[in-house]
Amino acid sequence: MRILIVGGGGREHAIAWKCAQSPIQPTLFVAPGNAGTASLAENVPIAATDIESLVAWVQANAIDLTVVAQDDPLALGAVDALQACGQAAFGPTQAAAKLEWSKVWSKEFMRRHGLPTAAFAVFDRWEEAAAYVKQKASMPIVLKPDGLTAGKGVFVCASRAEALQALDTIMESRAFGASGDRIVIEECLRGIEISVFAFADGTHITPLVTACDYKRAYDGDAGPNTGGMGGYSPAPFVDPETLDYIHHAIMERTITLMAQEGHPYVGVLYGQLMLTNDGPRIVEFNVRFGDPEAQLILPRLQADLVAVLQAAVAGRLPETDVTWDPAATCGVVVASGGYPGAYTTGHPIAGLDTVDDDVLLFHAGTGVADGKVVTAGGRVLIAVGQAANVPTARGRAYDNIARVAFENSYYRKDIAAREV
Ligand code: AMP
Ligand code: GLY
């Protein structure tokens, strides 16, 4: 069996790593991949967003299954384009992926079905949005442009002045381009945030797995939002009743409703939830594995990932037996100094072969130059510790990430600290 994974980050390295353990023994390809995926798979030099070239390559290379792991090719309709040529693809269609790529559509979907989420209003004109902000009695409020923003588009504003500033950034300076044509302004949710994942086959979902992601760049949740600087799985503080509610009333119900609305959802459904005093609230849905959450949850998957992906595409998930290892993982990302802003690349990475056997090292922004592994992106590597509980897994991750070094690197020192 020949599988193509579309993407080039730590998430795609983790997916390739898990597929490589399948008894099916697939031949793996990753487009475009990184220095880590090159050790498990053949990297294909096609950008994840170049849908036309990807489809042509899949047809020319007798690929049996394409796994579209990244948000932008899903939003561009990669799955639709593959299916139109008779190719099997894991991931939601463009219409189903709207759950992530249009915040307006997603919030209206939640509202029309009474799914628990923050109260919100939508504006397509600056004047009306500004008038709404000015008359708002209580702060903070949250402003979000409609479209994809690489995780950088959410403004949690403590004051009216700050909200008006954010409004200018989105709608006047158009920092996010056409994503700023419309804006969602919503209530600020308070509580602990968790990420929840399930595989979906259009009708059914698997048992859920939880994780916690650290989005801010610096310790103490200071600094700008990033793609994610580390995290852990499971979120041990979520009680079984709450998890059961999230499973049935949020995740499974969403899959049922998507099918009823004519957009059956196949892929990984990622619920980002705030556990508030009034119960779980949906912050947003994503239509793929999280990054770094994939690197935290796939080591805990007690099933053949290839069989699960095939079953999802065939609408036969109930025939699989997906369970999650009760043991914990904790991952710490080492990033290029300056990320998520400007940073330099091409720095040789030392210490890669000093990592202990029980710790997983997934590559993200890495490449090869003159036979050496060098930095090639903002988030460079993640070390994932595995142990009976989160504090021990955390210790394993930190012991090992400290051995990996490159010029101007940084990592957070407080990932999972609240579990210790
Ligand atoms: P997103 O890009 O939607 O994942 O949002 C980035 C981060 O902004 C989330 O992880 C939350 O921490 C925060 N956020 C988004 N929406 C809200 C909200 N309504 N209330 C509080 N925090 C929010
Ligand atoms: N870790 C957050 C995301 O993948 O969107």
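Refer to the structure above for everything that follows.
Because the structure is a prediction, the values reported are computed rather than measured.

Looking at this model, I keep getting lost on the environment of Glu108. Mind explaining?
Tracing the chain through its elements places Glu108 in helix 6 (residues 103-112). A residue is classified by how much of its surface remains accessible, and Glu108, at 31% relative accessible area, is partly exposed. Separated by 13 residues in sequence, Glu108 and Ala121 place their C-alpha atoms 9.5 Å apart. Not counting the four nearest positions on each side in its chain, Glu108 is found in contact with Phe120 and Val122.

Honestly, the pattern of salt bridges in this entry has me stumped. Any pointers?
Should their charged atoms come close, side chains of opposite charge can pair. Going through the model one piece at a time under the given rule, you end up with 19 salt bridges. Residues Arg288 and Glu100 are paired through a salt bridge, measuring 3.0 Å at the closest nitrogen-oxygen approach. Pair noted here: Arg288 is in the loop between strand 16 (279-286) and helix 10 (293-297) and Glu100 is in helix 5 (residues 98-101), with a separation of 188 residues, a long-range link. With relative accessibility at 13%, the residue Arg288 sits in the buried group. Between Arg396 and Asp358 there is a salt bridge, with the nearest N and O atoms lying 2.9 Å from each other. In this pair, Arg396 sits in helix 12 (residues 390-401) while Asp358 sits in the loop between strand 19 (328-336) and strand 20 (360-363), placing the two residues 38 residues apart along the sequence. Taken together, the shared-partner salt bridges connect Asp356, Asp358, Arg396, Asp399 and Arg403 into one network.

Explain the site of ligand 1 here, please?
Neighbouring ligand 1 are 14 residues, the closest being Glu186, Leu189, Glu193, Lys215 and Glu284. A distance of 2.6 Å separates an oxygen atom of ligand 1 from a polar atom in the side chain of Glu284. A total of 480 Å² of accessible area belongs to ligand 1 in isolation, and the protein chains cover 90% of it. Counting only elements with at least two residues in the shell around ligand 1, the list comes to strand 7 (141-145), strand 9 (183-187), strand 15 (266-276) and strand 16. Here the residues of the shell around ligand 1 are counted per class, giving six nonpolar, one polar and seven charged.

I keep staring at the site of ligand 2 and nothing clicks. Help me out?
Taken together, Asp213, Lys215, Gly227, Tyr270, Asn286, Arg288, Gly290, Asp291, Pro292 and Glu293 form the complete shell of residues around ligand 2. Between Asp213 and ligand 2, the recorded distance is 2.8 Å, taken from a side-chain N or O atom to a nitrogen atom. Within the contact set of ligand 2, an oxygen atom lies 2.9 Å away from a backbone nitrogen or oxygen of Asp291. The protein chains hide 87% of the 200 Å² of surface that ligand 2 would expose on its own. Here the residues of the shell around ligand 2 are counted per class, giving two nonpolar, three polar and five charged.

It is not clear to me how the nonpolar core should be interpreted in this structure. Could you clarify?
Among soluble globular proteins, nonpolar side chains are generally buried collectively. Counting 72 residues, the largest nonpolar core has Leu4, Leu99, Ile194, Ile246, Met251 and Tyr265 as its most contacted members. With six residues, helix 9 (residues 240-260) is the largest single contributor of residues to this core. Leaving out residues up to four positions away in the same chain, Tyr265 has contacts with Pro92, Ala96, Leu99, Ala200, Asp201, Gly202, Ile255, Met258, Asn286, Val287 and Arg288. Core analysis: the next-biggest nonpolar cluster, separate from the first, contains 40 residues, Ile5, Val30, Leu309 and Val333 among them.

Just checking my understanding: could you explain the side chain of Thr329 for this structure?
Within the fold, Thr329 resides in strand 19. The buried category is assigned to Thr329, whose relative accessible area is 1%. At 2.7 Å, the side chain of Thr329 forms a polar contact with the backbone oxygen of Leu296. Those residues in contact with Thr329, other than ones at most four positions away along the chain, are Gly231, Tyr232, Ser233, Leu296, Pro299, Arg300, Val384, Gly385, Gln386 and Ala393.

Whenever I open this one, the state of the cysteines confuses me. Can you help?
Working definition: the covalent bond between the sulfur atoms of two cysteines is a disulfide. What the rule picks out here adds up to zero disulfides. Take Cys157: it sits in no disulfide, and the sulfur closest to it among the cysteines is that of Cys188, at 9.4 Å. No disulfide involves Cys212; its sulfur sits 10 Å from that of Cys330, the nearest cysteine.

How should I be thinking about the side chain of Arg300 in this particular structure?
Relative to the helices and strands, Arg300 resides in the loop between helix 10 and strand 17 (301-302). This buried residue, Arg300, is left without a salt bridge; Asp325 holds the nearest opposite charge, at 5.8 Å. If we skip the residues at most four places from it in the chain, Arg300 touches Val209, Thr210, Ser233, Pro234, Thr323, Trp324, Asp325, Pro326, Ala327 and Thr329.

Could you clarify how one ought to interpret the packing of helix 7 (residues 126-135) against helix 8 (residues 160-172) in this entry?
Two quantities define a packed helix pair, namely the angle between the helix axes and the distance between the axes. At a minimum axis separation of 10 Å, helix 7 and helix 8 run at an interaxial angle of 165°. One element, helix 7, and the other, helix 8, form an angle in the roughly antiparallel class. The crossing of helix 7 and helix 8 is right-handed. Within the contact between the two elements, helix 7 uses Trp126, Ala129, Ala130, Val133 and Lys134 and helix 8 uses Arg160, Ala163, Leu164, Leu167, Asp168, Met171 and Glu172. For the contact of helix 7 with helix 8, the residue count by class is eight nonpolar, no polar and four charged.

Reading the values: the criteria
- Residues numbered from 1 in each chain as written.
- Chains lettered and ligands numbered in written order.
- Predicted model: local features only at pLDDT ≥ 70, side-chain atom pairs only at ≥ 80, totals over all residues.
- Heavy atoms only, no water.
- Helix = DSSP H or I, 4+ residues; strand = E, 2+ residues; numbered from the N terminus.
- Buried < 20%, exposed > 50% of the residue type's maximum accessible area, 1.4 Å probe, protein only.
- Contact = heavy atoms within 4.5 Å.
- Salt bridge = Lys/Arg side-chain N within 4 Å of Asp/Glu carboxyl O.
- Near = heavy atom within 4 Å.
- Polar contact = N/O pair within 3.5 Å; in protein donor to acceptor, adjacent residues only side chain to side chain.
- Areas by Shrake-Rupley, 256 points an atom, 1.4 Å probe, with all protein chains shown as cover.
- Nonpolar A, V, L, I, M, F, W, Y, C, P; charged D, E, K, R; others polar.
- Core = buried A, V, L, I, M, F, W, Y, C linked by side-chain atoms within 4.5 Å.
- Disulfide = S-S within 2.5 Å.
- Lys, Arg positive; Asp, Glu negative; His and termini not counted.
- Axes fitted to C-alpha atoms, helices over the stretch in contact; angles between N-to-C directions.
- Parallel < 35°, antiparallel > 145°, perpendicular 65-115°, else oblique.
- Left-handed = near helix turned anticlockwise from the far one by under 90°.

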